[in-house]
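Chain and residue survey
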Amino acid sequence: MANREELAIIRNARAGQVAAQLELGKLYLFGSAGLPQSLPTALHWLERAARQDCPPAWQLIGNHIPLELAQHNATAVAQWYERAYDDGSLHAGLVFAQLVLDPATPSQQHPKAVQALEDAARAGFPHAQWLLSQRQGRPPAAQPGTRAAPSSGAAQPAPASRAAERPPAGQSGHERARRPQGAGAAQYAALDEAWTARRRDDYLAHALPQARALIGERGEQGEMRRFAPDEITLLSRCARLLDPALDGVSGLQALDAGAAAACCQPGEPAVFWELAAAEHDPHAQLALGLRCARMRVDGRRCTNGGGTANGPVADVHVAHAQVANFKKAIRWLNLAGEQGLAEAWYALSRIYIKPEFSQRNVADAQRYLERAAEMGYRDAQLECGHNAWRARRENENNDVRAVYWLQQAAAQGSPEAVELLRKIAPRATATPYTETGRLLASHTDALAAHPLLAARIELAALFDLSRAEALLLDVGAADQGHCLVIDIRASYGRSKRRLVMVESAQEREALDRIVRLFEQVDCGPAGPEGNYRQRLYRLRTLLNVAIPGNDADGGADIELAA
């Protein structure tokens, strides 16, 4: 409910006072304690103020009202985006171009709108680059999101020609078109090269003055100033180097605390983080989430208000907090995770298992953990493997899930996962597990007329199966993609259930071929192969070899991890 001050603003706005209309538009645009955020209502009041020749009103419209809302009344609002573009807003220029230019007619002539689109493309807006490539007849890359002003700071650096210096406020679109872009392009290209080459000191020496200039512009213009993707990336990268909060995350090593303190002024990384996070940079959102939770990515608690034990604080709202604010942390981490940062989902899983979190929920923690693992985060994959292996007594198929996640972690170089896989799914080396497979090489001709038996002997050779396992295995049910589940207990009580990993592309190819062979075959006693005694008799007589009568599976040689 609106308070007394807000009610007075509403009355004055209805009476036609331009200052009140502007203020009421801001309240609805950003939300307040008494008025909820409502973009349509904000657009209504800002447009009324703009009609009375109020520049801040059309600048707010151009910078903050998205294309989806503007399209409802494109003819009426396009002029405000055009004026905001003339004042220097590239966000407004992109929306103006989308409102004016018809995608179905690329040859449509509207020089100012085309110039606005080119300016946005040079500044690194992915959607502007995609639209421009369509108009120029080039095959575009995958279409980005349809937001009017995508501003992900994690976007890959565009070619050098895209980087443009932001024109000063008040410069018209035609003046902007005549302004040379070479200096800005070369500057951003050099920064991208230094970042890619991991020359951190060189990058900071050139990028930090630009970042401070951007902060000064934002301080002068406030909400009227929005950053282009190049500028967001610049702020985020500077903060990542100056603040050890994300040290080691995404493969980036931050400067040590002493070097960072010598490079930056007190509180500078905090401002960089907040502005980049407000413009949807995922690394900044992750950093703010960690600071609100007062922890590292792996959940370890920090001793001060920041995201590390001795790094500067990046969120002024929690800089002096004595307790973690998990509500804010969850909000920022969710935003970062939705933009593709697996570390954010992993950090969320750490929050939801913390005893001090009032909404502690193990099921939610597992859900976020698996989401991070699915996105390829090694620590999450390793923990998913551990969790599934510990839960195998609740569901014996959990060992299959454990092997899957541990294989994923091992592929990314986790020695712990490799060691655990050796215990969970070892390759048997005892004689009972190798002698059957050796029969394949010496009896190829005899097995040619019996494809099912030949396939079973080949399985034994590939995966070190005992004679009973090779003859009784239900091949289709055993294949789990990443491993074989060797379980013949129903037909052969002395055996033990075990797993064998599929370790190479050759094994996978051979297994697929064998599975296709058995696809329409009943592998049970009622099938064409008969029961175990019939299969064993066929093997002995066909190969004309003396096979030891001991059918033990050598189970004592397979020792599973506790």
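Quick note: structure is the one above.
Note on numbering: residues in each chain are counted from 1, in written sequence order. The predicted nature of this model means local features are confined to residues of pLDDT at least 70 and side-chain atom pairs, given and counted, to a pLDDT of 80 or more, with totals for whole chains, interfaces and linings taken over all residues. In computing side-chain properties, one takes all heavy atoms of the structure into account and sets aside hydrogens as well as water.

Topic: unusual backbone geometry
Only a minority of non-glycine residues have a phi that is not negative, and only a minority of peptide bonds are not trans. Of note in the backbone geometry, histidine 280 takes a positive phi value of approximately 75° without being a glycine. In this description a helix means any DSSP run of H or I spanning at least four residues, a strand means any run of E spanning at least two, and both kinds are numbered starting from the N terminus. Its location among the elements puts histidine 280 in the loop between helix H15 (268–278) and helix H16 (282–293). The classification of residues rests on relative accessible area computed with a 1.4 Å probe and restricted to protein chains. Under 20% of the type maximum is buried, over 50% is exposed, and intermediate values are partly exposed. Since its relative accessible area comes to 28%, histidine 280 is described here as partly exposed.

Description of the environment of leucine 440
When you line up the elements, leucine 440 lands in helix H24 (residues 439–442). On the accessibility criterion, leucine 440 (24% relative accessible area) is partly exposed. When the C-alpha positions of leucine 440 and leucine 543 are compared, they lie 9.9 Å apart, and in sequence the two are 103 residues distant. Other than its neighbours up to four places away in sequence, leucine 440 contacts Leu447, Ala454, Ile457, Glu458 and Ala461. What makes two residues a contact is simply this: any of their non-hydrogen atoms within 4.5 Å.

Section: the packing of helix H8 (residues 111–122) against helix H9 (residues 126–135)
When two helices pack together, you describe them by how their axes are tilted relative to each other and by the distance separating the axes. Every axis in this analysis is a line fitted to C-alpha atoms, fitted for helices over the stretch in contact. Angles between the N-to-C directions lie between 0 and 180 degrees. Orientation of H8 relative to H9, taken along the N-to-C sense of each, is 130°, at an axis distance of 8 Å. In terms of orientation, H8 and H9 fall into the oblique class. The two elements H8 and H9 meet at a crossing, and its hand is left-handed. In this structure, H8 contributes Val114, Leu117, Glu118, Ala120 and Ala121 to the contact, and H9 contributes Ala128, Gln129, Leu131, Leu132 and Arg135. Of the residues in the contact of H8 with H9, the class split is seven nonpolar, one polar and two charged. Angle categories: roughly parallel below 35 degrees, roughly antiparallel above 145, roughly perpendicular from 65 to 115, and oblique for all the rest. Take the far helix as your reference; a near helix turned counterclockwise from it by less than a right angle gives a left-handed crossing, and one turned clockwise gives a right-handed crossing. Polar here means any residue other than Ala, Val, Leu, Ile, Met, Phe, Trp, Tyr, Cys and Pro, which are nonpolar, and Asp, Glu, Lys and Arg, which are charged; Gly is therefore polar.

A look at the side chain of arginine 350
Locating arginine 350 in the fold gives a position in helix H18 (residues 342–351). For arginine 350, the side chain forms a polar contact with the side chain of glutamate 383, separated by 3.0 Å. Among residues more than four places away in sequence, those in contact with arginine 350 are Met295, Val297, Asp298, Gly299, Leu369 and Glu383. Whenever a nitrogen or oxygen atom comes within 3.5 Å of another N or O atom, the pair is scored as a polar contact, on the condition that within protein one atom can donate a hydrogen and the other can accept it, and that pairs from neighbouring residues in sequence are kept only if both atoms are in side chains.

Here's the deal with helix H19 (residues 362–374)
A helix is expected to span 1.5 Å multiplied by its residue count minus one. Between the first and last C-alpha of H19 there are 18 Å, a value that for 13 residues agrees with the 18 Å anticipated at 1.5 Å per step. For H19, every residue scored as buried is listed here: Ala365, Tyr368, Leu369, Ala372 and Ala373. The buried residues of H19 occupy an angular sector of 140° when projected down its axis, which confines them to one face. With respect to the buried face of H19, the exposed residues turned more than 90 degrees away are Ala363 and Glu374. On its buried face, H19 is in contact with helix H17 (326–338), H18, helix H20 (378–390) and helix H21 (398–411). For H19, the capping residue at the N-terminal end is asparagine 361, with a side-chain oxygen 3.0 Å from the backbone nitrogen of alanine 363. Read the arc as the range of directions from the helix axis to the C-beta atoms.

Some points on the pattern of salt bridges
In the sections that follow, a salt bridge refers to a side-chain nitrogen of Lys or Arg positioned within 4 Å of a carboxyl oxygen of Asp or Glu. Under the defined criterion, the tally for this structure stands at 25 salt bridges. A salt bridge links lysine 112 to glutamate 82, with the nearest nitrogen and oxygen atoms 3.0 Å apart. Of this pair, lysine 112 sits in helix H8 while glutamate 82 sits in helix H6 (residues 74–86), and the two are 30 residues apart along the sequence. On the basis of relative accessible area, lysine 112 is assigned to the buried category, the value being 13%. When the shortest N-O distance is used, the salt bridge between aspartate 86 and lysine 112 registers 2.8 Å. Remark: lysine 112 occurs in helix H8 and aspartate 86 occurs in helix H6; sequence separation between them is 26 residues. Owing to a relative accessible area of 18%, aspartate 86 belongs among the buried residues under this scheme. Ionic contacts of the salt-bridge type, sharing partners, join the residues Glu396, Asp399, Asp487, Arg489 and Arg497 into one network.

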